Every structure is written in structure tokens, then in C-alpha cells.
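Residue-level listing of the chains:
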Amino acid sequence: MVSELNVIEFKNKLTDLTVDGNPLLKGSPLALLSINFSNKIFYGRLEKHEFYITKNANLLLTPFLISGEFKKEGKFTDVEYEISPLKFGYYWMKMYPIITNTILLTIIIFNISEFPFEKMNLNFAIKFLLIFIALEAFLFSPLLYLKKSKIALERKFLKNFEIRNNYR
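As the structure is a computational prediction, the values presented were derived from the model and not from experiment.

1. Section: the pairing of strand β6 (residues 76–85)
Buried residues dominate β6, accounting for seven of its 10 residues. Two strands pair when backbone bridges link them, and strand β1 (residues 2–3) and β6 are joined in this way by two bridges, in the antiparallel orientation. Considered in β6, the bridge of V2 is made with D78. When strand β5 (residues 64–73) meets β6, the two strands line up antiparallel, connected through 10 bridges.

2. Here we look at the nonpolar core
Formed by 20 residues in total, the largest nonpolar core has its most connected members in F10, F51, I66, V79, F157 and F161. Put simply, the parts of the chain that give this core at least two residues each are α1 (7–16), β4 (50–55), β5, β6 and α3 (124–160). When neighbours within four sequence positions are excluded, F157 is seen to be in contact with F42, F51, I53, I66, V79, Y81 and I163.

3. Things to note about the environment of D78
Its location among the elements puts D78 in strand β6. When the C-alpha positions of D78 and V2 are compared, they lie 4.7 Å apart, and in sequence the two are 76 residues distant.

4. With respect to the environment of E47
Tracing the backbone through its elements, the reader meets E47 in the loop between β3 (42–46) and β4. Residue E47 is classed as partly exposed on the basis of its relative accessible area of 33%. Residues E47 and E69, spaced 22 residues apart in sequence, show a C-alpha to C-alpha distance of 9.1 Å. Not counting chain neighbours up to four residues away, the residues in contact with E47 comprise K11 and Y52.

5. Quick word on the pattern of salt bridges
Inspection of every chain in the model, using the stated rule, returns two salt bridges. With a closest N to O distance of 2.3 Å, R164 and E4 form a salt bridge. Here E4 lies in the loop between β1 and α1 and R164 lies in strand β7 (residues 163–164), a separation of 160 residues in the sequence. Look at R164 and you get buried, because its relative accessible area is 17%. Since its relative accessible area comes to 28%, E4 is described here as partly exposed. The salt bridge involving E47 is made with R45; its shortest N-O contact spans 2.4 Å.

6. A look at the layout of surface pockets
Its volume calculated, the largest pocket comes out at about 220 Å³. Of the residues forming the lining of the largest pocket, the biggest block, four residues, is contributed by helix α2 (residues 87–110). The residue makeup of the lining of the largest pocket, split by class, is nine nonpolar, three polar and one charged.

7. Some details on the packing of aromatic side chains
Two aromatic rings, taken as a pair, are described by how far apart their centres are and by the angle between their planes. In this structure the tally under the stated criterion is 10 aromatic pairs. Judged by centre distance (4.9 Å) and plane angle (50 degrees), the ring pair of F10 and F70 falls under tilted. Placement of the pair is F10 in helix α1 and F70 in strand β5, with a sequence separation of 60 residues. The pair F10 / F70 is uniform in exposure class, with both members buried. Relative to F161, the ring of F157 has its centre 5.2 Å away and its plane inclined at 55 degrees; by these criteria the two rings are tilted. Each member of the pair, F157 together with F161, is buried. Taken together, the aromatic side chains of F10, F42, F51, F70, Y81, F157 and F161 make up a single cluster linked through ring pairs. One residue, K26, lies across the ring of Y43, its end atom 4.7 Å from the ring centre.

Definitions and cut-offs
- Residues numbered from 1 in each chain as written.
- Predicted model: local features only at pLDDT ≥ 70, side-chain atom pairs only at ≥ 80, totals over all residues.
- Heavy atoms only, no water.
- Buried < 20%, exposed > 50% of the residue type's maximum accessible area, 1.4 Å probe, protein only.
- Helix = DSSP H or I, 4+ residues; strand = E, 2+ residues; numbered from the N terminus.
- Pairing = 2+ DSSP bridges.
- Core = buried A, V, L, I, M, F, W, Y, C linked by side-chain atoms within 4.5 Å.
- Contact = heavy atoms within 4.5 Å.
- Salt bridge = Lys/Arg side-chain N within 4 Å of Asp/Glu carboxyl O.
- 1 Å grid on protein atoms, 1.4 Å probe; cavity = no way out; pocket = protein on both sides within 12 Å on 5 of 7 lines; lining within 4 Å.
- Points joined across faces, edges and corners; volume = space filled by probe spheres on them.
- Nonpolar A, V, L, I, M, F, W, Y, C, P; charged D, E, K, R; others polar.
- Phe/Tyr/Trp six-rings, centres within 6.5 Å; stacked < 30°, edge-to-face > 60°.
- Lys NZ or Arg CZ within 6 Å of the ring centre and 35° of its normal.

Below is the structure:
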């Protein structure tokens, strides 16, 4: 991919938009160590011609890492990058709904006589439907969040560094 910025502008903008730190912390249980109140968009590590960045957020973390390298290509900058999941955060987002739904179902099954649906005179089909809707909401919303957060992170990256697909 090609950035409209020259190498110096690209590196300066990358430095200006990135809080210095280990981006792997944002996708781990140690994310508390990476809390900062900077208004910079990215959090990560920059090297001479390489970068490792993720979204700079304290609450709604994005479990993806953009890693890449850049080099001079005429008056533009050639940027090679890839987006990969931050292992713990990515798999936690996928497994959390399954774990919580399993616990919720176990509680419901073992305490069905005390569950409020009993007093409402609902038949089994309506109970099953309500439970299924609740489970789907827990299961699919984090997966949709993962997809949207990856796309949003890439769009921010491409927009801020004026990257396009083709060469001039």
C-alpha cells in the first residue's frame, strides 16, 4: 500500500498519534498497566522502519494489532502492514459469552422451580424462546463487536496515514 505522506511525514505522524508502550498489554489481563489518559489514537511501539500499534483505549479495548514496516517509494511511502489478533483479548471476547451462557443455563436448569417464569404461567415454548433470545444476545454481540472493531481500527489507520491501494 502507498501513503501520500513522505517517509519523514509518515514517521512524524505515527509518532504524534501513538502513545509509547507495549501494545501486547492492551490485549492481555495486564491491560490495567497500559491505562493512560492521552487523546492520541494509537498505543504501541515504534522502531526505525517498523511499527506495532493498537487502539488507545482504556475501556472498550480492540483486541487487534497492526504491525508493519514502511520505506521510501519515490516521493511517497510504501507501507506493508497486517492486522492480527492480540491472542488473550481476542479469544476472551469469543469465549466469554460461551462461559457466561453456560453458567446462566446451569443456574436456570438447577433453579427452574424458583425462576420467575414459573409464576407467570408461560408455557415451555415461550420460556425456551425467551432464553434463546437472551443467549443469542450474549453470544453474538461480542462477535459482531470484534468484526466491527477490526474494521474500524483499519479505517482509522488508513485514513490518518493517507494510505491507498494503488501506486501512481
